[in-house]
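Summary of structural features
Single-letter residue listing:
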Amino acid sequence: MKRRTLLCLLLLLSLAGSTGGVWAQERWRDLPPDERRQMRQQMREHWQQERELRREDGHRRWGDVPPEDRRRMREEIREQRGWLQERGGREGRGGRRD
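Residues numbered from 1 in each chain as written. Predicted model: local features only at pLDDT ≥ 70, side-chain atom pairs only at ≥ 80, totals over all residues. Heavy atoms only, no water.

**Remarks on the overall build of the protein**
Which entries qualify depends on this criterion: The numbering of helices and of strands both runs from the N terminus, where a helix is a DSSP run of H or I of at least 4 residues and a strand a run of E of at least 2. Exposure is judged per residue with a 1.4 Å probe applied to protein chains only, and the accessible area is read against the type maximum: over 50% gives exposed, under 20% gives buried, and values in between give partly exposed. Accessible areas in this description were obtained via Shrake-Rupley with a 1.4 Å probe; residue shielding takes into account the shown protein chains only.
Check the secondary structure of the protein and you find three helices and zero strands. The N-to-C order of helical and strand elements in the protein reads α-α-α. Expressed as a percentage of its 98 residues, the buried residues of the protein come to 1%. Accessible area for the protein stands at about 9800 Å²; split by element, carbon and sulfur atoms hold 52% of it.

In structure tokens:
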């Protein structure tokens, strides 16, 4: 009995979640064209700022690593790849197992 009640509850929750998404889509369409354009522009600006921040952070993090540490990390990665190939593992990224 409890199991059946739980399944019914989960079914109702999943249906409610799917209707919430549809309702949000309908609200978007109810906005006047000018407001939609403005919101799209704000979203583009926000995404562009996020991309720029990620790009800057990535360069800074790698740039902070001293050259000898970078060299050591590259050598460790090469050793790991060699060890995997000896075991019959994949050959590098996205390699095939035949």
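**Some words on a nonpolar patch on the surface**
Note the threshold: Patch membership requires over 30% relative accessible area and the absence of a salt bridge. Like charges are linked within 9 Å, and nonpolar side chains (Val, Leu, Ile, Met, Phe, Trp, Tyr) within 5 Å. Between Lys or Arg on one side and Asp or Glu on the other, a salt bridge is scored when a side-chain nitrogen of the former is within 4 Å of a carboxyl oxygen of the latter.
A grouping of L6, L7, L9, L10 and L13 is seen on the molecular surface, where their side chains present a nonpolar patch of about 510 Å² in accessible area. Tracing the sequence through the fold places L7 in helix α1 (residues 2-30).

**Some details on a positive patch on the surface**
So the rule is basically this: We score Asp and Glu as negative and Lys and Arg as positive, and we do not count His or the chain ends. Taken as the charge location is NZ of Lys, CZ of Arg, CG of Asp or CD of Glu.
Taken together, the side chains of R71, R74, R78 and R81 make up a positively charged region of the molecular surface. Among the structural elements, R78 can be located in helix α3 (residues 67-87).

**Re the pattern of salt bridges**
When charged atoms on two side chains of opposite charge get close, those side chains can pair. Enumeration over the complete set of coordinates arrives at four salt bridges. Here D69 ties to R72 by a salt bridge, and the two come within 3.9 Å at their closest N and O atoms. You can see D69 and its partner R72 sitting in helix α3, three residues apart, about one turn around the helix. For R72, a relative accessible area of 40% translates into the label partly exposed. For R72, the salt bridge identified is with E76, shortest N-O distance 3.1 Å. Of the two residues, R72 and E76 both sit in helix α3, four residues apart, roughly one turn of that helix. Note on E76: relative accessible area 36%, which makes it partly exposed. Several salt bridges converge on common partners, so that one network encompasses D69, R72 and E76.

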